[in-house]
Amino acid sequence: MSLKEIRNQKGISQKKLVDMLYEDKYIISATVISNFEHGKSIEIDTINRIAKVLNVPVEELYTNEIGASNSK
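Below is a summary of the structure that appears in this document. (Residues numbered from 1 in each chain as written. Predicted model: local features only at pLDDT ≥ 70, side-chain atom pairs only at ≥ 80, totals over all residues. Heavy atoms only, no water.)

Overview of the overall build of the chain
Step number 1: Along its length, the chain carries five helices and zero strands.
Step number 2: Secondary structure elements of the chain occur, N-terminal to C-terminal, as α-α-α-α-α.
Step number 3: Expressed as a percentage of the 72 residues in the chain, the buried residues total 33%. (Helix = DSSP H or I, 4+ residues; strand = E, 2+ residues; numbered from the N terminus. Buried < 20%, exposed > 50% of the residue type's maximum accessible area, 1.4 Å probe, protein only.)

Written out as structure tokens, the structure is:
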């Protein structure tokens, strides 16, 4: 499952995810999230934080997004 699919399944917009990360004392933009969802690489620390706030294993985000970008 991709980050976008996980967000949609949980009913979380990119803006809401940014807000959740901010509450966790981590500041990133919706652009970074969008870039990741479109196959661009982002820092592993950011991926770890996203996984934490979404309560999913980091491997689920990291593996699937890399797989999605490699299939293009």
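Still to come is the rest of the account.
Quick word on the nonpolar core
Step number 1: Residues L3, L17, L21, I33, I50, L54 and L61 are the most contacted members of the largest nonpolar core, which totals 19 residues.
Step number 2: Elements with a minimum of two residues in this core: α1 (3-10), α2 (14-23), α3 (30-37) and α4 (44-54).
Step number 3: At five residues, the largest contribution of residues to this core is made by α4. (Core = buried A, V, L, I, M, F, W, Y, C linked by side-chain atoms within 4.5 Å.)

Regarding the side chain of R7
Step number 1: Take R7: it is sitting in helix α1.
Step number 2: With residues near it in sequence (within four places) discarded, R7 still touches I12, S13, Q14, L17, I33 and E37. (Contact = heavy atoms within 4.5 Å.)

Observations regarding the packing of α2 against α3
Step number 1: Look at α2 against α3: their axes get within 9 Å of each other, and the N-to-C directions meet at 120 degrees. The angle between α2 and α3 falls in the class oblique. The interaxial crossing formed by α2 with α3 has right-handed handedness. Together, Q14, L17, V18 and L21 of α2 and A30, I33, S34 and E37 of α3 make up the contact between the two elements.
Step number 2: In terms of residue class, the contact of α2 with α3 is made up of five nonpolar, two polar and one charged. (Axes fitted to C-alpha atoms, helices over the stretch in contact; angles between N-to-C directions. Parallel < 35°, antiparallel > 145°, perpendicular 65-115°, else oblique. Left-handed = near helix turned anticlockwise from the far one by under 90°. Nonpolar A, V, L, I, M, F, W, Y, C, P; charged D, E, K, R; others polar.)

Remarks on unusual backbone geometry
Step number 1: In the Ramachandran plot, K25 falls in the positive-phi region, its phi being about 65 degrees despite a non-glycine side chain.
Step number 2: Along the chain, the position of K25 falls in the loop between α2 and α3.
Step number 3: Exposure remark for K25: the relative accessible area of 73% places this residue in the exposed category.
Step number 4: For N55, which is not glycine, the phi torsion reads 60 degrees and is therefore positive.

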